[in-house]
Amino acid sequence: MKDFEIIASKHSEMRMKERIGMKNSNASRRMVQLAFERGQRAEDIRRTALRNYIAARSERGAEAVAYNGYCFLFNPQNGVCITVYPLPKELCKQTFGREMPRKNDWAFTA
């Protein structure tokens, strides 16, 4: 773990308000903290397309972290969240829209 406090810049708070819909600054700070602690860095990701996307965002000196469908960019020297981008839809895991089997599909017919 890093030895500095993770904070959200004013710019990242504005972007979270715009892109995520978070109106409360305390909630946005909490999400930034969770993104830094629980988010996935490029070396942690096994899916190639998402790993390449996160690695490309990290090339400019910022540390990119994928968390909760968004890409958070952190300054690695002081732990400040610079900005937040939504991940492209094709890179997010599809969890909604799956059809569950109906009860009658499992019935045994003899």
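Thresholds applied
- Residues numbered from 1 in each chain as written.
- Predicted model: local features only at pLDDT ≥ 70, side-chain atom pairs only at ≥ 80, totals over all residues.
- Heavy atoms only, no water.
- Helix = DSSP H or I, 4+ residues; strand = E, 2+ residues; numbered from the N terminus.
- Buried < 20%, exposed > 50% of the residue type's maximum accessible area, 1.4 Å probe, protein only.
- Contact = heavy atoms within 4.5 Å.
- Areas by Shrake-Rupley, 256 points an atom, 1.4 Å probe, with all protein chains shown as cover.
- Salt bridge = Lys/Arg side-chain N within 4 Å of Asp/Glu carboxyl O.
- Pairing = 2+ DSSP bridges.
- Phe/Tyr/Trp six-rings, centres within 6.5 Å; stacked < 30°, edge-to-face > 60°.
- Lys NZ or Arg CZ within 6 Å of the ring centre and 35° of its normal.

### A short note on the overall build of the protein
(1) Moving on: Secondary structure summary: the protein contains 3 helices and 4 strands in total.
(2) Moving on: Starting at the N terminus, the α and β elements of the protein follow one another as β-α-α-α-β-β-β.
(3) Moving on: For the protein, the residues scored as buried account for 35% of the 110 residues in total.
(4) Moving on: A fraction of 52% describes how many contacts in the protein between residues 6 or more apart in sequence connect residues 24 or more apart.
(5) Moving on: When the accessible surface of the protein is totalled, it reaches about 8,100 Å², and 50% of it is carbon and sulfur.

### Section: the pattern of salt bridges
(1) Moving on: Evaluated as defined, the whole model comprises 3 salt bridges.
(2) Moving on: Across the pair Arg29 and Glu13 runs a salt bridge whose closest N-O atoms are separated by 3.4 Å. One end of the pair, Arg29, is in helix H2 (residues 25–38); the other, Glu13, is in helix H1 (residues 10–19), with 16 residues separating them in the sequence.
(3) Moving on: Among the residues examined, Arg29 registers a relative accessible area of 41% and is labelled partly exposed.
(4) Moving on: Accessibility expressed as a relative area gives 14% for Glu13, which makes it buried.
(5) Moving on: Measuring nitrogen to oxygen at the nearest pair gives 2.8 Å for the salt bridge that ties Arg41 to Glu63.

### Notes on the pairing of strand E2 (residues 63–67)
(1) Moving on: Of all 5 residues making up E2, 5 are buried, and the element is well covered by its neighbours.
(2) Moving on: Every second residue of E2 is oriented toward a common face, with Glu63, Val65 and Tyr67 on one face and Ala64 and Ala66 on the other, all of them buried.
(3) Moving on: Bridge count between E2 and strand E3 (residues 70–74): 5 bridges; the pairing is antiparallel. The partner of Glu63 across the bridge, within E3, is Phe74.
(4) Moving on: Linking E2 to E3, which pair antiparallel, is a turn of 2 residues; within it Asn68 sits at a positive phi near 55°.

### Here's the deal with the packing of aromatic side chains
(1) Moving on: Applying the stated criterion across every chain yields a total of 2 aromatic pairs.
(2) Moving on: Seen from their ring centres, Phe36 and Phe74 are 5.0 Å apart, and the 75° between their planes marks the pair as edge-to-face. Of this pair, Phe36 sits in helix H2 while Phe74 sits in strand E3, and the two are 38 residues apart along the sequence.
(3) Moving on: A relative accessible area of 6% means that Phe36 is categorised as buried.
(4) Moving on: Given a relative accessible area of 0%, Phe74 falls into the buried group.
(5) Moving on: Relative to Phe72, the ring of Tyr67 has its centre 6.4 Å away and its plane inclined at 55°; by these criteria the two rings are tilted.
(6) Moving on: For Tyr67, a relative accessible area of 18% puts it in the buried group.
(7) Moving on: The ring centre of Phe36 lies 4.8 Å from the NZ or CZ of Arg41, which sits over that ring.
(8) Moving on: Over the ring of Tyr85 we find Arg57, and its NZ or CZ is 4.1 Å from the ring centre.

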